[in-house]
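Observations on the three-dimensional arrangement
Here is what each chain is made of, one letter per residue.
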Amino acid sequence: MIRSILCFGDSNTYGVNPEDNSRFPLSIRWTGRLQSLLGHEGYQVIEEGYCGRTTCFSDDSDEMRSGIKVLNMVLKTHCPTDMVVIMLGTNDFKAQFSMKAKVSAFGVKKIVEKAKKFCLSEGVKEPVFLIVSPIEMGDGIDDSRFWEYSTESKREIEKLPAILKGVADEVGALFFDAATVAGPGSDQLHMTAESHERLASALYEIIKEYFESREVRN
C-alpha cells in the first residue's frame, strides 16, 4: 500500500532560498527530504507549495493565492489522499490583511472543514490532517525586503502555535509547531537548508508513528 501525503503550503513549502530568492532543489526542500526519509516504496509525498499563499485572504495581485479558494481543485487533482499537511499562515500577517493570529487560525480551521466536506461530497475517504504552525519571522523583518511585514506581524505570528493547537484539537487533527525546529535565514522569512532538514526529520517521526500505529491496530 502506498500512503499519499499532500503538503499544502506557501513559499516555505515551495522552497524559496533566503539567500538569493531562488528555489532550493527538491533534495533540499523539506518535502523532498521527507520523501527520502519515508522511502518511495510505501509513501508518496505530494508538494503543493505556492508563493504568497494565504489561508483564506484574497490577494489582488494573484487570485490563486487564497488557499481556501484553490483547495478543492488541489484535492480533486490528488485524491484520494491519506494525509494532508497544512502549513499556512505566514502570508496572513501582511499589512493588507488582518495580521491577527486568531483570524489566521480560523482560516486554517475553515480549510480543514472545507476539505472534509469535499471528501464527503466526492465520496472519497477523509484523510488525516496534520496542521503545522509556520516558522517565526526574524528579528530584522522590519528592515527586510518584505515591506508587507512588520514587528507587529512578528509578534502576532508568535501567538499562532498555541491557537492552532486548539484548532487541531477541535477538528481532530495532528499538530506540530515548525518554529520549535526551524527558523528563517538572512531574508528573515524563509527557511534555511538546515531548517528544511530539521523540519523534515520532525514530521517524519510524526507521520511514521501515525501510520505504523494504525497498522498495528488493524
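One structure accompanies this document, and this report is about it. Please read these numbers as outputs of a predicted model, since none were measured by experiment.

The next point concerns helix α3 (residues 67-78). Between the first and last C-alpha of α3 there are 16 Å, a value that for 12 residues agrees with the 16 Å anticipated at 1.5 Å per step. Within α3, burial applies to Gly67, Ile68, Val70, Leu71, Val74 and Leu75. The buried residues of α3 all sit within an arc of 150° when viewed along its axis, so they share a single face. Facing away from the buried surface of α3 by more than 90 degrees, the exposed residues are Lys69 and Thr77. Contacts made by the buried residues of α3 are with β1 (3-9), β2 (43-49), β3 (83-87) and α4 (101-122).

Another point: the layout of surface pockets. Its boundaries defined by the atoms lining it, the largest pocket holds a volume of some 200 Å³. Forming the boundary of the largest pocket are 15 residues, of which Gly52, Asn91, Lys94, Phe146 and His190 lie nearest the centre.

A word on the nonpolar core. Within the largest apolar cluster, 34 residues are counted, with the highest numbers of intra-cluster contacts made by Ile86 and Ile131. Of all the elements in the fold, those that place two or more residues in this core are β1, α3, β3, α4, β4 (128-133) and α6 (160-171). If you tally residues by element for this core, the top one is α4, at 8 residues. Excluding its chain neighbours within four sequence positions, the residues that come into contact with isoleucine 131 are Ile86, Val108, Val112, Leu164, Val167, Ala168, Val171, Ala173, Leu174, Phe175 and Phe176. In terms of nonpolar packing, the next biggest core, distinct from the first, is built from 25 residues, Leu34, Val128, Leu130 and Phe176 among them.

Once that is clear, we can look at the environment of isoleucine 28. Within the secondary structure layout, isoleucine 28 lies in the loop between α1 (11-14) and α2 (30-38). It is 32 Å that separates the C-alpha atoms of isoleucine 28 and glutamine 96, two residues lying 68 residues apart in sequence. Residues contacting isoleucine 28, with those up to four places away along its chain left out, are Arg33, Ala193 and His196.

Time to look at the packing of aromatic side chains. Both the distance between ring centres and the angle between the ring planes are used here to describe each pair of aromatic rings. As enumerated under the stated definition, the model contains 4 aromatic pairs in all. Ring plane angle 75° and centroid distance 5.1 Å describe the contact between tyrosine 210 and phenylalanine 211, whose orientation is recorded as edge-to-face. Here tyrosine 210 and phenylalanine 211 have matching classes, each one buried. Seen from the ring of tyrosine 14, arginine 23 lies directly overhead, with NZ or CZ sitting 3.8 Å from the centre.

Here we come to the sheet that holds β4. Strand order in the open sheet made by the 5 strands is β2-β1-β3-β4-β5, with parallel pairing throughout. Unpaired on one side and paired on the other, β2 and β5 (174-177) mark the two borders of the sheet. Pairwise comparison of adjacent strand axes, ignoring direction, gives a mean angle of 15° for this sheet. Bridge count for β1 against β2 is 7 bridges, and the pairing is parallel. Residue pairing in the sheet places cysteine 7 in a bridge with glutamate 47 of β2. Packing of α2 onto the sheet brings it into contact with β1, β2 and β3, and relative to β2 it is tilted by some 175°. Contacts from α6 reach β4 and β5 within the one sheet, and its direction differs from that of β4 by about 170°.

Moving on: α6. Look at α6: 16 Å from first C-alpha to last across 12 residues, which is about the 16 Å you get at 1.5 Å a residue. The set of residues buried in α6 consists of Leu160, Pro161, Leu164, Val167, Ala168 and Val171. Seen from one end, α6 has its buried residues packed into an arc of 115°, which puts them on one side. Summarising the geometry of α6, the exposed residues directed more than 90 degrees from the buried face are Ala162, Asp169 and Glu170. The inward-facing, buried residues of α6 abut α4, β4, α5 (151-157) and β5. Phi turns positive one or two residues past the end of α6, at glycine 172, with a value near 75°.

What counts and what doesn't
Residues numbered from 1 in each chain as written. Predicted model: local features only at pLDDT ≥ 70, side-chain atom pairs only at ≥ 80, totals over all residues. Heavy atoms only, no water. Helix = DSSP H or I, 4+ residues; strand = E, 2+ residues; numbered from the N terminus. Expected span 1.5 Å × (residues − 1). Buried < 20%, exposed > 50% of the residue type's maximum accessible area, 1.4 Å probe, protein only. Arc of directions from axis to C-beta. Contact = heavy atoms within 4.5 Å. 1 Å grid on protein atoms, 1.4 Å probe; cavity = no way out; pocket = protein on both sides within 12 Å on 5 of 7 lines; lining within 4 Å. Points joined across faces, edges and corners; volume = space filled by probe spheres on them. Core = buried A, V, L, I, M, F, W, Y, C linked by side-chain atoms within 4.5 Å. Phe/Tyr/Trp six-rings, centres within 6.5 Å; stacked < 30°, edge-to-face > 60°. Lys NZ or Arg CZ within 6 Å of the ring centre and 35° of its normal. Pairing = 2+ DSSP bridges. Axes fitted to C-alpha atoms, helices over the stretch in contact; angles between N-to-C directions.

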